[in-house]
Amino acid sequence: AQKVTQAQTEISVVEKEDVTLDCVYETRDTTYYLFWYKQPPSGELVFLIRRNSFDEQNEISGRYSWNFQKSTSSFNFTITASQVVDSAVYFCALSGGYSGGGADGLTFGKGTHLIIQP
Amino acid sequence: KAGVTQTPRYLIKTRGQQVTLSCSPISGHRSVSWYQQTPGQGLQFLFEYFSETQRNKGNFPGRFSGRQFSNSRSEMNVSTLELGDSALYLCASSPGQELDTQYFGPGTRLTVL
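Per-chain numbering applies: the sequence of each chain, read as written, is numbered from 1 onward. Each chain is given a letter, starting from A, and each ligand a number, starting from 1, according to the order in which they appear as written. Owing to the predicted nature of the model, reporting of local features is limited to residues with pLDDT of at least 70; listing and counting of side-chain atom pairs is limited to 80 or more, with chain, interface and lining totals taken over all residues. Hydrogens and water are ignored here; the side-chain numbers use all heavy atoms of the structure.

### A short note on the interface of chain A and chain B
How big an interface is tends to be expressed through the accessible area that disappears when the partners come together. Worth spelling out the cut-off: By the convention used here, residues are in contact when the closest approach between their heavy atoms is within 4.5 Å. Note on definitions: buried area is the accessible-area loss of two parts on being combined, 1.4 Å probe, summed for both. A pair is scored as a salt bridge if a Lys or Arg side-chain nitrogen falls within 4 Å of a carboxyl oxygen belonging to Asp or Glu. Here a polar contact means two N or O atoms within 3.5 Å. Within protein one must be a hydrogen donor candidate and the other an acceptor candidate, and residues neighboring in sequence count only if both atoms are side-chain atoms. Helix and strand assignments follow DSSP, with helices taken as H or I runs no shorter than four residues and strands as E runs no shorter than two, numbered in order from the N terminus. Three classes are used: nonpolar for Ala, Val, Leu, Ile, Met, Phe, Trp, Tyr, Cys and Pro, charged for Asp, Glu, Lys and Arg, and polar for all others, with Gly counted as polar.
Contact with chain A, which involves 26 residues of that partner, is made by 24 residues of chain B. Carbon and sulfur atoms supply 54% of the area buried between chain A and chain B, which totals about 1,900 Å² over both sides. Remark: the boundary between chain A and chain B carries zero salt bridges. Remark: the boundary between chain A and chain B carries four residue pairs in polar contact (both at pLDDT 80 or more). Every element with two or more residues in the side of chain A that touches chain B is listed here: strand E5 (33-39), strand E6 (46-52), strand E10 (88-95) and strand E11 (106-108) of chain A. A total of four residues in the side of chain A that touches chain B trace back to one element, the largest contributor, which is E5(A). When grouped by side-chain class, the residues that make up the side of chain A that touches chain B number 10 nonpolar, 12 polar and four charged.

This is the structure in C-alpha coordinates:
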(Lines give C-alpha, C1' and ligand atoms only; values in the text may rest on other atoms or scores of the structure.)
Protein backbone atom coordinates (compact mmCIF):
# COMPACT_ATOMS: atom_id res chain seq x y z
CA ALA A 1 0.00 0.00 0.00
CA GLN A 2 1.09 3.54 -0.67
CA LYS A 3 1.81 5.97 2.12
CA VAL A 4 2.81 9.61 2.42
CA THR A 5 4.17 11.02 5.67
CA GLN A 6 4.39 14.69 6.52
CA ALA A 7 5.86 14.62 9.99
CA GLN A 8 5.53 18.37 10.57
CA THR A 9 1.97 19.07 11.65
CA GLU A 10 2.49 22.80 12.04
CA ILE A 11 5.34 25.19 11.35
CA SER A 12 5.42 28.82 12.38
CA VAL A 13 8.07 31.22 11.10
CA VAL A 14 8.52 34.94 10.84
CA GLU A 15 8.13 36.56 7.45
CA LYS A 16 11.25 36.46 5.23
CA GLU A 17 12.58 33.31 6.86
CA ASP A 18 13.20 30.26 4.70
CA VAL A 19 11.14 27.19 5.54
CA THR A 20 11.28 23.56 4.39
CA LEU A 21 8.32 21.21 4.44
CA ASP A 22 9.22 17.54 4.58
CA CYS A 23 7.55 14.70 2.69
CA VAL A 24 8.47 11.01 2.82
CA TYR A 25 6.64 8.45 0.73
CA GLU A 26 6.32 4.69 0.36
CA THR A 27 5.31 2.86 -2.79
CA ARG A 28 6.02 -0.38 -4.59
CA ASP A 29 5.34 1.15 -7.98
CA THR A 30 8.30 1.88 -10.24
CA THR A 31 6.42 4.61 -12.07
CA TYR A 32 4.73 7.20 -9.96
CA TYR A 33 4.23 10.92 -9.58
CA LEU A 34 4.65 13.16 -6.58
CA PHE A 35 2.70 16.34 -6.07
CA TRP A 36 2.49 19.31 -3.78
CA TYR A 37 -0.80 21.13 -3.26
CA LYS A 38 -1.56 24.25 -1.25
CA GLN A 39 -4.84 24.63 0.61
CA PRO A 40 -5.63 28.18 1.72
CA PRO A 41 -8.46 28.82 4.20
CA SER A 42 -10.95 28.93 1.32
CA GLY A 43 -10.53 25.16 1.01
CA GLU A 44 -9.59 24.69 -2.62
CA LEU A 45 -6.50 22.60 -3.27
CA VAL A 46 -4.13 24.53 -5.50
CA PHE A 47 -1.70 22.51 -7.60
CA LEU A 48 1.94 23.55 -7.17
CA ILE A 49 4.14 20.93 -8.78
CA ARG A 50 4.29 17.44 -10.22
CA ARG A 51 7.44 15.34 -10.40
CA ASN A 52 7.72 11.88 -11.95
CA SER A 53 9.72 9.05 -10.44
CA PHE A 54 12.34 9.11 -13.18
CA ASP A 55 13.20 12.78 -12.87
CA GLU A 56 15.27 13.58 -9.81
CA GLN A 57 16.24 17.04 -10.94
CA ASN A 58 15.47 19.68 -8.40
CA GLU A 59 13.09 22.37 -9.51
CA ILE A 60 12.87 26.05 -8.69
CA SER A 61 9.94 28.31 -9.38
CA GLY A 62 10.40 31.79 -8.00
CA ARG A 63 10.60 31.50 -4.21
CA TYR A 64 9.59 27.84 -4.31
CA SER A 65 11.96 24.93 -4.76
CA TRP A 66 11.58 21.18 -4.55
CA ASN A 67 14.16 18.54 -3.72
CA PHE A 68 13.35 14.99 -4.85
CA GLN A 69 15.61 12.23 -3.55
CA LYS A 70 14.61 8.74 -4.58
CA SER A 71 17.29 7.17 -2.38
CA THR A 72 15.56 8.49 0.72
CA SER A 73 12.01 8.49 -0.73
CA SER A 74 11.68 12.16 0.03
CA PHE A 75 10.20 15.10 -1.84
CA ASN A 76 10.80 18.22 0.22
CA PHE A 77 9.48 21.69 -0.48
CA THR A 78 11.32 24.89 0.42
CA ILE A 79 9.91 28.40 0.45
CA THR A 80 12.58 31.07 0.38
CA ALA A 81 11.93 34.48 1.93
CA SER A 82 8.49 33.46 3.13
CA GLN A 83 5.56 35.86 2.96
CA VAL A 84 2.33 36.09 4.92
CA VAL A 85 0.42 35.02 1.79
CA ASP A 86 2.24 31.67 1.96
CA SER A 87 0.26 30.80 5.07
CA ALA A 88 -1.80 27.70 4.25
CA VAL A 89 -1.90 23.95 4.66
CA TYR A 90 0.45 22.18 2.28
CA PHE A 91 -0.14 18.63 1.14
CA CYS A 92 2.26 16.20 -0.43
CA ALA A 93 0.58 13.52 -2.55
CA LEU A 94 1.53 10.36 -4.41
CA SER A 95 -0.08 8.94 -7.52
CA GLY A 96 0.62 5.35 -8.35
CA GLY A 97 0.04 3.21 -11.34
CA TYR A 98 -3.29 2.12 -12.56
CA SER A 99 -5.00 -0.93 -11.20
CA GLY A 100 -7.82 -2.54 -13.10
CA GLY A 101 -7.63 0.14 -15.74
CA GLY A 102 -8.52 3.02 -13.46
CA ALA A 103 -6.67 5.71 -11.55
CA ASP A 104 -5.96 4.72 -7.96
CA GLY A 105 -6.45 8.23 -6.80
CA LEU A 106 -3.99 10.36 -4.99
CA THR A 107 -2.61 9.29 -1.63
CA PHE A 108 -2.20 12.38 0.52
CA GLY A 109 -0.11 13.12 3.55
CA LYS A 110 -1.82 14.66 6.58
CA GLY A 111 -0.61 18.11 5.59
CA THR A 112 1.61 20.72 7.19
CA HIS A 113 -0.01 23.89 8.47
CA LEU A 114 2.38 26.71 7.66
CA ILE A 115 1.95 29.96 9.56
CA ILE A 116 3.93 32.97 8.42
CA GLN A 117 3.91 35.71 11.02
CA PRO A 118 4.42 39.31 9.95
CA LYS B 1 -10.35 28.16 -18.99
CA ALA B 2 -12.78 28.05 -16.13
CA GLY B 3 -11.73 25.88 -13.23
CA VAL B 4 -13.54 23.04 -11.55
CA THR B 5 -16.85 24.13 -10.08
CA GLN B 6 -18.80 22.46 -7.32
CA THR B 7 -22.31 23.07 -6.10
CA PRO B 8 -23.54 23.69 -3.57
CA ARG B 9 -20.67 25.14 -1.56
CA TYR B 10 -22.32 24.53 1.78
CA LEU B 11 -24.96 22.05 2.85
CA ILE B 12 -26.60 21.17 6.13
CA LYS B 13 -28.49 17.90 6.46
CA THR B 14 -29.77 15.72 9.27
CA ARG B 15 -28.94 12.11 10.00
CA GLY B 16 -30.74 9.63 7.79
CA GLN B 17 -31.21 12.03 4.89
CA GLN B 18 -29.48 11.73 1.57
CA VAL B 19 -27.50 14.32 -0.34
CA THR B 20 -26.33 14.91 -3.89
CA LEU B 21 -23.26 16.97 -4.72
CA SER B 22 -22.38 18.21 -8.17
CA CYS B 23 -19.09 18.80 -9.95
CA SER B 24 -18.34 20.35 -13.34
CA PRO B 25 -14.82 19.60 -14.57
CA ILE B 26 -12.48 21.82 -16.52
CA SER B 27 -13.57 21.98 -20.14
CA GLY B 28 -12.04 19.08 -22.07
CA HIS B 29 -11.29 17.00 -18.99
CA ARG B 30 -12.90 13.59 -19.02
CA SER B 31 -11.90 12.27 -15.62
CA VAL B 32 -13.53 13.32 -12.37
CA SER B 33 -12.38 12.12 -8.96
CA TRP B 34 -13.98 12.68 -5.59
CA TYR B 35 -12.24 13.01 -2.24
CA GLN B 36 -13.45 13.36 1.32
CA GLN B 37 -11.51 15.57 3.72
CA THR B 38 -12.03 15.32 7.48
CA PRO B 39 -9.85 16.52 10.37
CA GLY B 40 -9.35 12.98 11.59
CA GLN B 41 -8.79 11.00 8.39
CA GLY B 42 -7.41 13.72 6.16
CA LEU B 43 -7.93 13.51 2.42
CA GLN B 44 -9.28 10.18 1.21
CA PHE B 45 -10.07 9.02 -2.31
CA LEU B 46 -13.71 8.10 -2.89
CA PHE B 47 -13.94 7.18 -6.58
CA GLU B 48 -13.01 8.19 -10.09
CA TYR B 49 -15.13 8.40 -13.23
CA PHE B 50 -14.01 8.47 -16.83
CA SER B 51 -16.33 8.49 -19.82
CA GLU B 52 -19.37 7.79 -17.64
CA THR B 53 -17.75 4.70 -16.08
CA GLN B 54 -16.42 4.28 -12.58
CA ARG B 55 -12.82 3.21 -13.03
CA ASN B 56 -11.80 2.87 -9.44
CA LYS B 57 -13.16 3.18 -5.95
CA GLY B 58 -11.65 3.89 -2.57
CA ASN B 59 -12.50 2.16 0.66
CA PHE B 60 -15.90 3.67 1.45
CA PRO B 61 -19.25 2.00 2.17
CA GLY B 62 -21.87 1.56 -0.49
CA ARG B 63 -23.80 4.57 0.85
CA PHE B 64 -21.37 6.63 -1.20
CA SER B 65 -22.07 6.46 -4.90
CA GLY B 66 -21.56 8.58 -7.95
CA ARG B 67 -22.16 8.93 -11.61
CA GLN B 68 -20.87 10.83 -14.58
CA PHE B 69 -22.82 12.28 -17.45
CA SER B 70 -21.93 12.45 -21.13
CA ASN B 71 -20.71 16.03 -20.71
CA SER B 72 -18.27 14.79 -18.01
CA ARG B 73 -20.17 16.49 -15.19
CA SER B 74 -20.35 14.29 -12.15
CA GLU B 75 -22.54 13.86 -9.13
CA MET B 76 -21.92 12.03 -5.93
CA ASN B 77 -24.63 10.82 -3.63
CA VAL B 78 -24.52 9.89 0.02
CA SER B 79 -27.51 8.04 1.38
CA THR B 80 -28.58 7.53 4.99
CA LEU B 81 -26.29 10.26 6.25
CA GLU B 82 -24.32 9.73 9.45
CA LEU B 83 -22.71 12.33 11.68
CA GLY B 84 -19.31 11.08 10.52
CA ASP B 85 -20.10 12.06 6.95
CA SER B 86 -19.61 15.70 7.88
CA ALA B 87 -16.66 16.73 5.75
CA LEU B 88 -15.35 18.81 2.90
CA TYR B 89 -16.00 16.95 -0.34
CA LEU B 90 -13.55 17.84 -3.06
CA CYS B 91 -13.89 17.11 -6.72
CA ALA B 92 -10.90 16.99 -9.05
CA SER B 93 -10.71 16.79 -12.80
CA SER B 94 -7.98 15.69 -15.17
CA PRO B 95 -7.71 14.95 -18.87
CA GLY B 96 -7.97 11.25 -18.05
CA GLN B 97 -4.65 9.80 -19.08
CA GLU B 98 -2.48 7.80 -16.74
CA LEU B 99 -1.00 9.84 -13.89
CA ASP B 100 -2.41 13.14 -15.12
CA THR B 101 -2.37 16.05 -12.72
CA GLN B 102 -5.67 16.51 -10.92
CA TYR B 103 -7.10 19.99 -10.52
CA PHE B 104 -9.41 20.56 -7.61
CA GLY B 105 -12.57 22.53 -7.13
CA PRO B 106 -13.45 24.64 -4.07
CA GLY B 107 -15.30 21.80 -2.39
CA THR B 108 -18.69 21.31 -0.81
CA ARG B 109 -18.78 21.53 2.96
CA LEU B 110 -21.38 19.09 4.26
CA THR B 111 -22.56 19.29 7.85
CA VAL B 112 -24.70 16.46 9.19
CA LEU B 113 -26.70 17.27 12.33
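### Here's the deal with the pattern of salt bridges
As enumerated under the stated definition, the model contains eight salt bridges over all chains in all. Between Asp55(A) and Arg51(A) there is a salt bridge; the shortest N-O distance is 3.0 Å.

### Examining the state of the cysteines
Rule in force here: What counts as a disulfide here is a pair of cysteine sulfur atoms lying within 2.5 Å. Here's how the labels work: a residue is buried when its accessible area is under 20% of the maximum for its type, exposed when over 50%, partly exposed in between, all with a 1.4 Å probe on protein chains only.
The final tally for this structure, using the stated rule, is two disulfides over all chains. Across the disulfide from Cys23(A) sits Cys92(A); the S-S distance is 2.0 Å. On the sign convention where negative means left-handed, the S-S torsion of about -65° between Cys23(A) and Cys92(A) marks this disulfide as left-handed. One end of the pair, Cys23(A), is in the loop between strand E3 (19-21) and strand E4 (24-26); the other, Cys92(A), is in strand E10, with 69 residues separating them in the sequence. Each member of the pair, Cys23(A) together with Cys92(A), is buried. The disulfide partner of Cys23(B) is Cys91(B), and the gap between their sulfur atoms is 1.7 Å. Its S-S torsion of about -50° marks the bond between Cys23(B) and Cys91(B) as left-handed, since a negative value means left-handed. Note that Cys23(B) is positioned in strand E3 (residues 19-24) and Cys91(B) in strand E9 (residues 87-94), a separation of 68 residues in sequence. Per residue, the accessibility class of Cys23(B) equals that of Cys91(B), and both read buried.

### Overview of the environment of Pro25(B)
Residues and elements named next belong to chain B. Tracing the backbone shows Pro-25 in the loop between E3 and strand E4 (31-38). In the structure, Pro-25 is positioned 20 residues away from Phe-45 in sequence and 17 Å away in space, judged by C-alpha atoms. Apart from the residues within four sequence positions on either side, Pro-25 is in contact with Val-32, Ser-72, Arg-73 and Ser-93.

### Details of unusual backbone geometry
All names here are of chain B. Residue Pro-8 is bonded to the preceding Thr-7 through a cis peptide linkage, with omega at -10°. Positive phi, close to 50°, is recorded for Ser-51, a residue that is not glycine. Position of Ser-51 relative to the elements: it lies in the loop between strand E5 (42-50) and strand E6 (53-57). Owing to a relative accessible area of 35%, Ser-51 belongs among the partly exposed residues under this scheme. Look at Ser-72: it is not a glycine, yet its phi comes out positive at around 80°. Note that Ser-72 resides in the loop between strand E7 (64-68) and strand E8 (74-78).

### A short note on the sheet that holds E7(B)
Residue and element names in this part refer to chain B. Let me state the cut-off plainly: The rule for pairing is simple: two strands pair if DSSP sees at least two bridges between them. Every axis corresponds to a line fitted to the C-alpha atoms, with the helix fit spanning only the stretch in contact, and the corresponding angles, defined between N-to-C directions, vary from 0 to 180 degrees.
An order of E1-E3-E8-E7 is seen for the four strands of this open sheet, with the pairing classed as antiparallel. Here the strands that pair on one side only, and so sit at the sheet edges, are strand E1 (5-7) and E7. Neighbouring strand axes in the sheet, compared pairwise and without regard to direction, differ in orientation by 20° on average. One ladder, built from three bridges, connects E1 with E3; its direction is antiparallel. Paired with Thr-7 across the bridge in E3 is Ser-22.

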